[in-house]
Amino acid sequence: MKNLSFKYFLPLVLGVLVACGNSNKGSEQTEVEEKDIMAPEFNADSAYAYVKAQCDFGPRIPNSQAHTQCGEWLVSKFKEFGATVYEQKDKVRGWDGTILDMHNIIASYKPETKKRVIICAHWDSRPWADNDSDDKNHHTPIDGADDGASGVGILLELARQLQMQETTIGIDLICFDLEDYGTPQWYNGQHDENSWCLGSQYWSRRQHVDGYNARFGILLDMVGNANARFYQEYFSKRLAGNIVNKVWKKAHDIGVGVYFPKKDGGGVTDDHIPVNNIARIPCIDIIPNYPNSDSSFGPVWHTVNDNFSNIDKMTLKVVGQVMMQVIYNEK
Ligand code: AHN
Ligand code: ZN
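If you're wondering where the values come from, they're calculated on a predicted model, not measured in any experiment.

J.: Got a sec to walk through the overall build of the chain? Specific residues and values, please.
T.: When you go through the chain residue by residue, the secondary structure sums to eight helices and six strands. Seen in sequence order, the chain has helices and strands lined up from the N terminus as α-α-α-β-β-β-α-β-α-β-α-α-β-α. Computed over its C-alpha atoms, the radius of gyration of the chain comes to 19 Å, within 12% of the 20 Å expected for a compact globule of 331 residues. With respect to the three principal axes, the spread of C-alpha positions in the chain is 65 × 45 × 35 Å.

See the structure below:
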């Protein structure tokens, strides 16, 4: 059993934080850079269990019983953790003309507070393993343990933490539906970028409360694989570069910089795009890039192998702890 505690890193971490705080010496006009506090410890066992619980429903593909039941379970868990929960339910049309039952779930902490930060992920799973090496799997729904459930598992553990210790600012944990209904590779017709991210497009046009705004958002996508390395995604850098810098700095400060190389990744069509371009809220995507794999999203992406056996607790821990470090230091 790997030791997942951060306590051995702590002296190192504090050393780094103190060093950062001393960097202004000598200047008469001191713009004091506030020191980060060390956030409470993110519990990766808990996040891991929440990923498994989602997978146990079966593939959460649109219009399925697993999808309905998992959606209800997510709402009940966020309520159990003391969130104010908003639900957006509507019917939207997929690329193939299918009418899809959409269910966006928003778990809010301190909903009355104007200063807000969004942490989001998609909770649906892909109906087709269209990137599988075996053609006969191309119409098989995927478990989506990494592609979907990993990010939501972290959101649930963040909710549990937020109930125990409140942040200064308000937090919205958003589970977007219908991210992964994008046109499959086997379809010979027109491929439309807008076939992806249907739930986040919907939310970005019409938020869950009137006059809603947030300082910034952070999207978590495929944050559960052992080999995940989070390069800086192209659109995140271009549209919300200061947030990329903030998050990557915090990851390096707490000693998990190896997971967050300060190097360019490719550009990805994902839920952060409508949040930036339609809702006009700066939003970054924490998504791995695999420079040495056939698929830039890694070997199990959109294959039947994206199942719970490939989820790594340490990666959940690293990403979850970086999110804790962000939300508990935002003033
Ligand atoms: C495209 O393949 C166009 N976008 C990938 C976004 C995605 C799919 N994230 C998870 N599944
Ligand atoms: Zn996907």
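Continuing now.
J.: Summarise the nonpolar core; cite the residues concerned and give the values.
T.: Ranked by internal contacts, the top residues of the largest apolar core, which has 65 residues, are Phe78, Leu173 and Ile286. Counting 13 residues, the second-largest nonpolar core is a separate cluster that includes Cys120, Ile174, Phe176 and Ile281.

J.: Got a sec to walk through the side chain of Glu330? Specific residues and values, please.
T.: With respect to the helices and strands, the residue Glu330 is situated in the segment after α8 (313-327). Here Glu330 falls in the buried class, since its relative accessible area comes to 7%. Side-chain polar atoms of Glu330 contact the side chain of Lys246, separated by 3.0 Å. Once residues lying within four places of it in the same chain are set aside, the contact partners of Glu330 are Val117, Thr168, Ile169, Arg215, Phe216 and Lys246.

J.: Which residues make up the coordination of the zinc ion (ligand 2), and what values do they have?
T.: Protein coordination at the zinc ion (ligand 2): the donors are Asp147 (OD), Asp180 (OD), Asp180 (OD) and His302 (NE2), at 1.9 to 2.5 Å from the metal. Read in sequence order, the donor residues coordinating the zinc ion (ligand 2) give the pattern D-x32-D-x121-H. With Asp147 in helix α4 (residues 145-164) and Asp180 in the loop between β4 (170-176) and α5 (198-205), this pair connects stretches of sequence that are 33 residues apart. Using a relative accessible area of 1% as the deciding quantity, one classes Asp180 as buried.

J.: Go over the confidence of the model for the chain, please, and point to the residues and values.
T.: Looking at the chain as a whole, the pLDDT averages 93, with 90% of positions reaching at least 70. Note on residues 7-27: pLDDT under 50 across the span, and 16 contacts to partners over four residues away in sequence or across chains.

J.: Hey, could you go over the pattern of salt bridges for me, with residue numbers and the actual values?
T.: Taken as a whole and assessed by the stated rule, the structure comprises 17 salt bridges. Ionic pairing is found between Asp56 and Lys52, a salt bridge with its closest N-O pair at 3.0 Å. Separated by four residues within a single helix, Asp56 and Lys52 lie in helix α2 (residues 44-56), roughly one turn from each other. In this structure, Asp172 engages Arg116 in a salt bridge whose closest nitrogen and oxygen atoms are separated by 2.7 Å. With Asp172 in strand β4 and Arg116 in strand β3 (residues 116-122), this pair connects stretches of sequence that are 56 residues apart. Within the structure, one salt-bridge network assembled from shared partners comprises Arg126, Asp130 and Asp180.

J.: Can you lay out the packing of helix α3 (residues 65-80) against α4 for me, pointing to particular residues and giving the numbers?
T.: As a packed pair, α3 and α4 sit with axes 9 Å apart at the nearest point and diverge in direction by 25 degrees. Judged by the angle between their axes, α3 and α4 are roughly parallel. Along its contact with α3, which presents Trp73, Leu74, Lys77, Phe78 and Glu80, the element α4 presents Val152, Leu155, Leu156, Ala159 and Gln163.

Conventions we followed
Residues numbered from 1 in each chain as written. Chains lettered and ligands numbered in written order. Predicted model: local features only at pLDDT ≥ 70, side-chain atom pairs only at ≥ 80, totals over all residues. Heavy atoms only, no water. Helix = DSSP H or I, 4+ residues; strand = E, 2+ residues; numbered from the N terminus. Rg over C-alpha atoms; globule rule 2.2 N^0.38 Å. Core = buried A, V, L, I, M, F, W, Y, C linked by side-chain atoms within 4.5 Å. Buried < 20%, exposed > 50% of the residue type's maximum accessible area, 1.4 Å probe, protein only. Polar contact = N/O pair within 3.5 Å; in protein donor to acceptor, adjacent residues only side chain to side chain. Contact = heavy atoms within 4.5 Å. Donors = N, O, S within 2.8 Å, 3.2 Å for Na, K, Ca; no water. pLDDT = per-residue confidence, 0-100. Salt bridge = Lys/Arg side-chain N within 4 Å of Asp/Glu carboxyl O. Axes fitted to C-alpha atoms, helices over the stretch in contact; angles between N-to-C directions. Parallel < 35°, antiparallel > 145°, perpendicular 65-115°, else oblique.

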